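Summary of structural features
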Amino acid sequence: MLRMETIQYNLPQNRIPLAWYNIVADLPKPMAPPLHPGTLKPLGPDDLAPLFPMSLIMQEVSTEREIEIPGEVRQVYAQWRPSPLFRARRLEQALDTPAHIYYKNEGVSPAGSHKPNTAVPQAFYNKQAGTKRLSTETGAGQWGSALAMACAFFGMECKVYMVRVSYDQKPYRRALMEVFGASVTASPSSETQTGRAILAAHPDSNGSLGIAISEAVEIAASDPHTKYALGSVLNHVMLHQTVIGLEAIEQMALAGDEPDVILACAGGGSNFAGLTMPYVGRNLKGQSHARIVAVEPAACPSLTKGQFTYDFGDTGHLTPLVKMHTLGSTFMPPGIHAGGLRYHGMAPLVSHVKDLGLIEATAVHQLDAFAAGIQFARAEGIVPAPESNHAIAGAIYEALEAKREGKPRTILFNLSGHGNFDMQSYIDFQAGKLQNYEYPAEEIAMALAGLPTVL
Ligand SMILES: *Cc1c(COP(=O)(O)O)cnc(C)c1O
């Protein structure tokens, strides 16, 4: 008999976590400190004060295990949290696998991804500190729309530098940010020194997250009323996203199942960290033994092919140096459609747990990711974001391995967002117009040759 039922494991609103989980408290080895780009000395909280409010800086350096979620933030979360956990019965059926496949659906947020989980607290803490305007970068437009929405909720202005290739590919994301009241500029732009320098050298530049970050940091650093907000990479962003994993642990208990393998796509690492760090914490305490896998694009493979070393977070070299898996801050990733995964580095926290052997990483090509996304859409009725397709490809691979072995396997993955604004990429895929990009070995070697020297 065909099993068509949808199984959803819902938690009531009062089960939204009361605190975020900070894995830094449980790490067997501390992370390397961020360094001042000028002195190469470890950074102090005051060095970050021009860019962030002190409450977020304290979270950035915190070693407390639990950090309370403010009531105002939980009230906004309640619009879409706890997000649903589904058992993907029809996908299991389509794959004819003995595996159990579960996914956490972060696409149910109003902006369509996990990004509001951190946009809302970042806007809240900035509002509390008297910030008038937030500046930021966006790749695919997911982060920009999440922050634009959060700024609208808390009555602040929002200035977004959107990577040129996405600005052109995704006009509806741009429109959404503008509906929420944000001002959106294609990056590189002529508004900043960094942008002007890049345009002078490469007038047709596609842009990159590294360049857009430089532009957003530059205008925040030069205006006392403007602070900067980053949608991934930083410790406080990873922290805010742990609501995903904390909820998932409760929902998997409701389902009466324990994951053997947990997957999420990784660009800067935030949705991955959000789902998996609470599980890494459990693994460290011996309460679970799940394999934890980050899935990244083969065209921009920081975790699988990058070096674990100090590098700048941006192309213009305005940010602190952080120790992370990097392809080099001047690396210009190919124009794949998963814009949210086109970043040269990886969150220092995710890089650190990878270096400690607490997680694994794998890379998939664009065409395989889209094929997986379409198979998922036909089974589950949700069109995934191109970024999320990478996690789905990883989950399907695991399900087919289980089938080959003839053994059950419980798979949990994060559906980081829906793809309703990404239909052009699906049109192009279905028309055979997308291509795989080989590992850009030469460009990466060049970018890595330019790594800063830190003794
Ligand atoms: C931004 C984004 C990503 C990549 O960012 P991470 O910080 O690695 O999570 C993945 N999926 C979606 C839907 C996004 O919007």
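Each remark here, short or long, concerns the structure printed above.
So, here is what we can say about the structure in this document. Remember, it's a predicted structure, so these values are computed and weren't measured experimentally.

1. Comments concerning the pattern of salt bridges
Any two side chains of opposite charge can pair, on the condition that their charged atoms come close. All chains considered together, the criterion is met by 17 salt bridges. As a salt-bridge pair, E106 and R81 come within 2.9 Å of each other at their nearest N and O atoms. In this pair, E106 sits in the loop between strand 5 (100-105) and helix 4 (116-128) while R81 sits in the loop between helix 2 (71-77) and strand 4 (85-87), placing the two residues 25 residues apart along the sequence. Linking E401 and R404 is a salt bridge whose minimum nitrogen-to-oxygen distance equals 2.9 Å. With E401 and R404 both in helix 16 (residues 386-405) and 3 residues apart, the pair spans about one turn of that helix. When salt bridges with common partners are traced through the structure, they connect R291, E360, E398, E405 and R409 into a single cluster.

2. A word on the pairing of strand 5
In terms of burial, strand 5 is largely enclosed, as 5 of its 6 residues are buried. As paired elements, strand 5 and strand 15 (residues 410-415) share 6 bridges and run parallel to each other. Looking at the pairing, K104 lines up with N414 of strand 15.

3. Brief notes about the packing of aromatic side chains
For the coordinates displayed, the defined rule picks out 11 aromatic pairs. Ring plane angle 70° and centroid distance 6.1 Å describe the contact between Y77 and W80, whose orientation is recorded as edge-to-face. Y77 sits in the buried class, given a relative accessible area of 0%. On the numbers, 5.4 Å between centres and 25° between planes, the contact of F370 with F429 is stacked. With a gap of 59 residues between them, F370 in helix 15 (residues 366-380) and F429 in helix 17 (residues 423-430) connect regions that are remote in the sequence. Taking relative accessible area as the criterion, F429 reaches 18% and is therefore assigned buried. Feature note: the residues F86, Y103, F376 and F413 constitute an aromatic cluster, connected by ring pairs. Positioned over the ring face of Y167 is R174, at 3.9 Å from the centre of the ring. The side chain of K305 reaches across the aromatic face of Y439, ending 3.9 Å from its centre.

The rules behind these values
Residues numbered from 1 in each chain as written. Predicted model: local features only at pLDDT ≥ 70, side-chain atom pairs only at ≥ 80, totals over all residues. Heavy atoms only, no water. Salt bridge = Lys/Arg side-chain N within 4 Å of Asp/Glu carboxyl O. Helix = DSSP H or I, 4+ residues; strand = E, 2+ residues; numbered from the N terminus. Buried < 20%, exposed > 50% of the residue type's maximum accessible area, 1.4 Å probe, protein only. Pairing = 2+ DSSP bridges. Phe/Tyr/Trp six-rings, centres within 6.5 Å; stacked < 30°, edge-to-face > 60°. Lys NZ or Arg CZ within 6 Å of the ring centre and 35° of its normal.

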